[in-house]
Amino acid sequence: MAHPNLTFDDDVDAIKPVRSEPQSLGGVYNTRSLSRTRSRTRVPGDGRRSGSQDRRTEDASDVEDGNAEWLHKDGKKKQVFKGTALLWLAYQSTGAIYGDIGTSPLYVYSSTFTSPPSYDKLLEVLSVIIWSLTIMVTLKYVLIVLRADNQGEGGTFSCYSLLTRYANLTDRDPREAALVKMERHQTQDMSPSNQSVRRRMESSKFLRGLLKAIGVLSVSMVIADGILTPAQSVLGAIQGLSVVSPNITSSTIVGTSSGILIVLFAIQPLGLTKLASTFAPIVIVWLAFNASFGIYNLVNYDHSVLKAFSPYYAIHFFIEGKTEAWKMLGGILLSFTGVEALFADLGAFSMRAIQISWLGYCYPALLLAYIGQAAFISVNPEAYSNPFFNSVPPGFLYPSLVIAVLAAVVASQAMITACFQLVSQLMKLSYCPQMKIVHTSTKFHGQLYVPFLNWILLVGTVLVTAVYSNTTRLGNAYGVCVIFVTFFDTCFVTLVALIVWRIPPYYVFLPWLFFATHDGLYLTSALNKVPDGAWFTLTLAAILAGIFMLWRFGKESQWRAEAEDRFRPNQLIKKGADDKLSLTTRWGGGGVTPIRGFGIYFDKTGVLTPTVFTQFVTKFGAVPEIMIFFHLHPVEIPTVSSSERYVVSKLGAIPGCYRLVVRHGFMDEVITPDLGALIYEQIRKFVIRQSGSDDSEEKFDGRSPEERAASQGSSTALSENQPSDNDTKEKQRSSGPAELADAKVRQELARLDRAFATKIMYVVGKEQMKIKLGTSIFRRLILETFLFIRDNTRAKIANLRLSMDRVVEVGFVKEI
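This structure is a prediction, so every number in the text was calculated from the model and none was measured.

Trainee: Would you mind going over the overall build of the protein chain with me for this structure?
Mentor: Per the secondary structure count, the protein chain includes 32 helices and 10 strands. Looking at the protein chain residue by residue over its 816 residues, the buried ones come to 56%. For the protein chain, the share of sequence-separated contacts (at least 6 apart) that also reach a separation of at least 24 residues comes to 81%.

Okay, structure coming up:
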């Protein structure tokens, strides 16, 4: 993996209280470089910086002065909930997560048996169901896998993201690299065997590519299941009405199911909190019906089925049944379909909330449901074909039918939520084009809604419903992706245990072998479904994975093309002996003409020189009187307080040049028609604050920029011969007169007022990509597809809420 570039900006004064002691020089460092820099700037023994180092660093005009803190403190932060908030999340998770796995009692026995089972065979299958729920869901996922979260996010891809923070496995978007909380363990902190595993992963291009492919493929499989699951569950619910009215036609079932699906996806913008809180009572009542019916059947029919808790019967199932038993696993695995969503939905809830809801309610309720159905079937073997409704106690058929239909409808929410979570993770690592993400809760930050994906899922599920038209045909395509994802989770969590948790391999191997064998049994059995319909979900997952990998390949090519634009401002513009500005030799060395006006350059990265500024200067040979590098930095909290929202710095290499970083939460609105005035006020406050004079602020505030400019007159025009900012700071430190510092502030404020009153320009870059000549046909085809998707998913300039007559679009072309 390429390390984040060691980057520095021109000398900057940050928007922080001025301290009397010299400040350490900062920028964008990786942690090792930072520690080395700090160690060099301290005098051994007394903990103070040496005077010679201070003088040497102050003279360097190409270093940003220690205020890239916003780069390091705004990454994803894990929320921790306690008390009533935790219980409320546990309640919500019951409605959002367990609808899928909770409705499995409707069809597990009917999918497993093809004829009335014998008592022994029934007991063995029940034992396998009990121990599969215990091993796969409770032991593996709820107690182990949920701990492998990446800053609170779950899913197979989050495991991959977690590994990339602890091992050098991937390249990153330069805009995101500095925000990633890298926590790679030092070599001396790991055992030799763990070091060997990490070293092998980092050095092998094949292993890095394999991990990347598996992570993306697992997301694609969950999305493929996200299209199938709503169709399967809603069709099953409507088909269940045939218990009351056997004459329902296929077209009626398909039409009704499609209508319900449209409503289900149409209410997703309401947000997960509202939906889960509404769905939770339905799932809770449904599970309560299953548990109470199970107890009733145990008491009134055959309580001897409780023997199935002995693993002897599960083991005997495989010993006696052999191939036939192995094939029957394809039906038994339906008892835990939805477990992959349990992990993927972790980011919307929390580990503790899921553990409470599963161990405290869902798990025992499901065990009672399967045991009770087995008790009834042992006395009435023909009941296996419709186990739930046939085993309902007298008088509860119609209430149970209503709640079963409602539970089956809301069962889709687990997969829909999982798709939103996983796609947002893909976007963070540049495996998917950027889509609009709506955070639906100010309290639970991980609850998301992705509008475009929502409508894509709706179209897909309606088409699948219309084409397959019944659950029998859909069932053949269902379940294979689930078991693939569980196997991938086993492998990734094993790597997390070795690389992140630093557990010795000899402790990890046996648990991995146990869980991998368990997954492998189900996986090989599920592959029998491929010719009968599972090929559809696997093909769909492969197509989605191909699109995600193609996008990532294109983004990596784009980053390499843009790498040449990552340099410090003083490498673009220099000040001559006569204090005139000119381009550096690299850019032709021509003069740079100052023009009146207030130029706001939209900056993608927030560090170094914005590409749009480079293109503007080199094409026009001119710079505005005041230049602002404007960067929007999203923070994963609802809103950022005004005191922490703005980070301003001054770049000493270019007179009149500032950088403004606006940290905004997902509920904040930043791009507004009065953006120019907001930026002007923040820069002005910064200049006054840096002077250390509160009187100046009072004196200059309260008037329009035009009034301020007029009041200054020609006598306050900015002299091109003013001393550099470093010289000014040196004079201030050496007890220069306060009047001189005040004059400099007045001069800078006058220049700022005049520029803002003259003209405001919003300068936005429009980057076009061109494929290099001589590129191979296959690579050209991939890049052409990437560019087509890119051009049709980019944000349009016209969509910005700005005064369009002030927008300047600078176009440029990069070869990839």
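Trainee: Looking at this structure, how should I read the pairing of strand β6 (residues 622-634)?
Mentor: In the case of a regular strand, side chains alternate between the two sheet surfaces. A large share of β6 lies buried, amounting to 11 of its 13 residues. Judged from the 8 bridges that link them, strand β5 (residues 593-602) and β6 form a sheet pairing that is parallel. Pairing of Pro594 across the sheet is with Val623, part of β6. Note on the crossover from β5 through helix α25 (residues 611-620) to β6: the handedness is right-handed.

Trainee: How should the packing of aromatic side chains be read in this particular structure?
Mentor: In this description, an aromatic ring pair is defined by two values, namely the gap between the centres and the angle between the planes. According to the stated counting rule, one finds 41 aromatic pairs in the structure shown. Ring centres of Tyr109 and Tyr370 lie 6.3 Å apart, and the angle between their planes is 75°; this geometry places the pair in the edge-to-face category. With a gap of 261 residues between them, Tyr109 in helix α5 (residues 108-112) and Tyr370 in helix α16 (residues 351-379) connect regions that are remote in the sequence. For the pair Tyr109 and Tyr370, one class covers both residues: buried. When the centroid spacing of 5.1 Å and the interplanar angle of 90° are considered together, the rings of Tyr601 and Phe613 count as edge-to-face. Of this pair, Tyr601 sits in strand β5 while Phe613 sits in helix α25, and the two are 12 residues apart along the sequence. When its relative accessible area of 0% is taken as the criterion, Tyr601 is described as buried. Within the aromatic cluster, the residues linked to one another by ring pairs are Trp286, Phe289, Phe293, Phe388, Phe389 and Phe396. In this structure, Lys650 packs its charged tip against the face of Tyr658, placed 5.5 Å from the ring centre.

Trainee: What exactly am I supposed to notice about the pattern of salt bridges here?
Mentor: Side chains bearing opposite charge may pair, as long as their charged atoms lie close to each other. What the rule picks out here adds up to 13 salt bridges. As a salt-bridge pair, Glu153 and Lys428 come within 2.5 Å of each other at their nearest N and O atoms. With a gap of 275 residues between them, Glu153 in the loop between α6 (119-142) and α7 (156-166) and Lys428 in helix α19 (residues 413-428) connect regions that are remote in the sequence. With relative accessibility at 34%, the residue Lys428 sits in the partly exposed group. Overlapping salt bridges, with partners in common, bring together Lys212, Arg552 and Glu556 in one network.

Trainee: Help me understand the sheet that holds strand β9 (residues 760-770), please; the structure alone is not making it clear to me.
Mentor: In a beta sheet, neighbouring strands are held together by backbone hydrogen bonds and run either parallel or antiparallel to one another. Pairing is mixed across the open sheet formed by 6 strands, whose spatial order is β7-β8-β6-β5-β9-β10. Bordering the open sheet on either side are β7 (646-651) and β10 (807-815), each of which pairs with just one other strand. Geometrically, the sheet is characterised by an average inter-axis angle of 25° between neighbouring strands, direction not taken into account. For β5 and β9, the ladder comprises 4 bridges, and the chain directions are parallel. Paired with Gly599 across the bridge in β9 is Met761. Each of β9 and β10 touches helix α24 (residues 534-562); the most contacted strand, β9, lies at about 120° to it.

Trainee: What is the right way to read unusual backbone geometry from this model?
Mentor: Leave glycine aside and you will find that most residues have negative phi; peptide bonds, for their part, are mostly trans. The phi dihedral of Lys322 is positive, around 50°, even though this residue is not glycine. Along the chain, Lys322 turns up in the loop between α13 (311-321) and α14 (323-332). Here Lys322 falls in the exposed class, since its relative accessible area comes to 58%. At Leu608, a residue that is not glycine, the phi angle is positive and equals roughly 60°.

Trainee: Just to check I follow, could you spell out a nonpolar patch on the surface for this structure?
Mentor: On the surface, a cluster of nonpolar side chains totalling about 840 Å² of accessible area is made up of Leu139, Leu143, Ile144, Leu359, Trp501, Ile503, Tyr506, Tyr507 and Phe514. Looking at which element gives the most residues to the nonpolar patch, the answer is helix α23 (residues 505-526), with 3 residues. On the secondary structure map, Leu139 appears in helix α6. For Leu139, a relative accessible area of 37% gives the class partly exposed.

Trainee: How should the pairing of strand β8 (residues 657-664) be read in this particular structure?
Mentor: The buried count for β8 comes to 8 of 8 residues, which makes it a mostly enclosed element. Two strands pair when backbone bridges link them, and β6 and β8 are joined in this way by 8 bridges, in the parallel orientation. Across the sheet, the residue bridging to His631 is Val661, located in β8. Sheet topology note: the β7/β8 ladder contains 6 bridges and is antiparallel. Bridging from a neighbouring strand, Tyr646 pairs with Val662 of β8. Linkage of β7 to β8, two consecutive antiparallel strands, is achieved through a turn of 5 residues, within which Gly656 is found at a positive phi near 75°.

Trainee: Help me out: how do you make sense of the environment of Gly331 in this one?
Mentor: Position of Gly331 among the secondary structure elements: in helix α14. Overall, Gly331 belongs to the buried group, its relative accessible area being 7%. The residues contacting Gly331, other than those within four sequence positions of it, are Val108, Ser111 and Thr112.

How each quantity is defined
Residues numbered from 1 in each chain as written. Predicted model: local features only at pLDDT ≥ 70, side-chain atom pairs only at ≥ 80, totals over all residues. Heavy atoms only, no water. Helix = DSSP H or I, 4+ residues; strand = E, 2+ residues; numbered from the N terminus. Buried < 20%, exposed > 50% of the residue type's maximum accessible area, 1.4 Å probe, protein only. Contact = heavy atoms within 4.5 Å. Pairing = 2+ DSSP bridges. Right-handed = clockwise from strand over helix to strand, strands pointing away. Phe/Tyr/Trp six-rings, centres within 6.5 Å; stacked < 30°, edge-to-face > 60°. Lys NZ or Arg CZ within 6 Å of the ring centre and 35° of its normal. Salt bridge = Lys/Arg side-chain N within 4 Å of Asp/Glu carboxyl O. Axes fitted to C-alpha atoms, helices over the stretch in contact; angles between N-to-C directions. Patch = residues over 30% accessible without salt bridge, like charges linked within 9 Å, V, L, I, M, F, W, Y side chains within 5 Å. Areas by Shrake-Rupley, 256 points an atom, 1.4 Å probe, with all protein chains shown as cover.

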